[in-house]
Amino acid sequence: MGWRRGSRLSAAVGRARTVGMEGERPAAQPRSSGLPAGGAGGENLGAGVSHPGSSGSSVLLPAEVLDLDEDEDDLEVFSKDASLMDINSFSPMMPTSPLSMINQVKFEDEPDLKDLFITVDEPESHVTTIETFITYRIITKTTRGEFDSSEFEVRRRYQDFIWLKGKLEEAHPTLIIPPLPEKFIVKGMVERFNDDFIETRRKALHKFLNRIADHPTLTFNEDFKIFLTAQAWELSSHKKQGPGLLSRMGQTVRAVASSMRGVKSRPEEFMEMNSFIETFSQKINLIDKISQRIYKEERDYYDEMKEYGPVHILWSASEEDLVDTLKGVASCIDKCCKATEKQMAGLSETLLPVVHEYVLYSEILMGVMKRRDQIQAELDSKVEALSYKKADPDLLTEEIGKLEDKVECANNALKADWDRWKQNMQNDIKSAFTDMAEENIHYYEQCLATWESFLSSQTNLPLEETSEDKS
């Protein structure tokens, strides 16, 4: 099979790594030296870069959090002999140069050093006679030899991110591509170009690019490199070099036909994987709805509590004997309002984005499984045609051999990426809930201490029970 042939090639590829790194280099525009060395405010090399799943902790998400099966048999662990193709998906569009093959290998004995830093910042509005849109500044810093410079600065709009995601899915159909934020307006957001909406999208786009940069295969994709380095006119020219309309229509028709035929015998491990995805999708969507509802209730509680402080101040003006007490209550309410506002900010920045990102991931996973099934359905149709002798047997046999290699490469790519994604998911969600729990504990301790201090000052007695009280 193709992947076995790839395993014999991997040793030679490893020896050629230092030579191949000096391979093909398309032209790119380095960043102007007159600009600041970092992102906004001259941040340092690693500022603002997310490291998903890089906490280093080996503790997995407890089953009771998502109530998911944690059986280790669900995952298949591959050895170093799994070859070059085990972590890469098959695609006719995939580059086959020595450099591209070397870059897509993740050797286990190599140190996992980060050499690509990406920052998305400074959103900018553009108004034309036809449309209004937002562009984002993308600063890339790298030590990789295949880049023509160590630093690049470009501006990209949301449509460019959609193009990049599509090219990654085309080149790697069974790898788990990070999700993009939704194109349309978020529920409850009044203005499309509202500052909060733009900032939320900027953070999501920043995470999208950094998840790709941290991926052992996607990070070396040629379209990803062009996205980070090419100027606007160069990117536009590169987009036009893709397959034409008729070619894309043909691919769509074949995909639809394969999906309609369906898969006759999906391997057991992918049946389990599909079952996990369905359960995960249901539960993460439920958690997302509950989290959004909690945030809304916290917002209503905060808005109502803000009114009580001024009320007690006005009340104290008409109660001479209770002036100090009422003002003390107003002060406590004000402190609790500030603590609640901080808690809401933590909820909206710590938990909600992580949960919603994995809601989008559940949709990505369903798409990956569908593309895997399409590849296998194409193989099944050729095998069926051979059994009924509907075409030249020699030609069908050759096509079946190629499709078997393609299916095996697709399956190995998905299994390897699935293991990585699941570990990241467990770490991300565990970290988000742990951080949120710590913030809630701090919030309630702060509010409790505020009221205890006030009550103690009113009674001039400690709040702990004395021996007489206990008796």
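Residues numbered from 1 in each chain as written. Predicted model: local features only at pLDDT ≥ 70, side-chain atom pairs only at ≥ 80, totals over all residues. Heavy atoms only, no water.

**As for the packing of helix α10 (residues 268-305) against helix α13 (residues 393-459)**
Between α10 and α13, whose axes approach to 13 Å, the crossing angle comes to 25 degrees. Classified by the angle between their axes, α10 and α13 sit roughly parallel to one another. In terms of crossing hand, the pair formed by α10 and α13 is left-handed. Residues Glu269, Phe270, Met273, Phe276, Ile277, Phe280, Ile284, Ile287 and Tyr301 of α10 touch α13, and the partners they reach there are Asn411, Leu414, Lys415, Trp418, Trp421, Lys422, Met425, Ile429, Phe433 and Tyr443. Within the contact of α10 with α13, the residues separate by chemical class into 15 nonpolar, one polar and three charged. (Axes fitted to C-alpha atoms, helices over the stretch in contact; angles between N-to-C directions. Helix = DSSP H or I, 4+ residues; strand = E, 2+ residues; numbered from the N terminus. Parallel < 35°, antiparallel > 145°, perpendicular 65-115°, else oblique. Left-handed = near helix turned anticlockwise from the far one by under 90°. Contact = heavy atoms within 4.5 Å. Nonpolar A, V, L, I, M, F, W, Y, C, P; charged D, E, K, R; others polar.)

**Structural notes on the packing of helix α5 (residues 158-171) against helix α6 (residues 195-214)**
It is the contact of α5 with α6, at a shortest axis distance of 12 Å, that shows an interaxial angle of 30 degrees. Classified by the angle their axes make, α5 and α6 are roughly parallel. Crossing geometry of α5 relative to α6 is assigned as left-handed. Contacts from Tyr158, Phe161, Leu164, Lys165 and Leu168 of α5 reach α6 at Arg201, Leu205, Phe208, Leu209 and Ile212. Residues that form the contact of α5 with α6 fall into these classes: eight nonpolar, no polar and two charged.

**Re empty space enclosed by the protein**
Per the counting criterion, the structure on display carries three cavities of 30 Å³ or more. Empty space within the largest cavity amounts to approximately 110 Å³. Considering the residues around the largest cavity, the lining is formed by 12 residues, among which Arg211, Tyr361, Arg420, Trp421 and Asn424 are closest to the centre. Put simply, the parts of the chain that give the lining of the largest cavity at least two residues each are α6, α12 (323-387) and α13. (1 Å grid on protein atoms, 1.4 Å probe; cavity = no way out; pocket = protein on both sides within 12 Å on 5 of 7 lines; lining within 4 Å. Points joined across faces, edges and corners; volume = space filled by probe spheres on them.)

**Notes on the pairing of strand β2 (residues 132-142)**
Taken across its 11 residues, β2 has 10 buried, putting it largely inside the fold. Taken together, the 10 bridges between strand β1 (residues 116-127) and β2 define a ladder with antiparallel strand orientation. Considered in β2, the bridge of Leu116 is made with Thr142. Here β1 hands over to β2 after four residues, the two strands then running antiparallel side by side. (Buried < 20%, exposed > 50% of the residue type's maximum accessible area, 1.4 Å probe, protein only. Pairing = 2+ DSSP bridges.)

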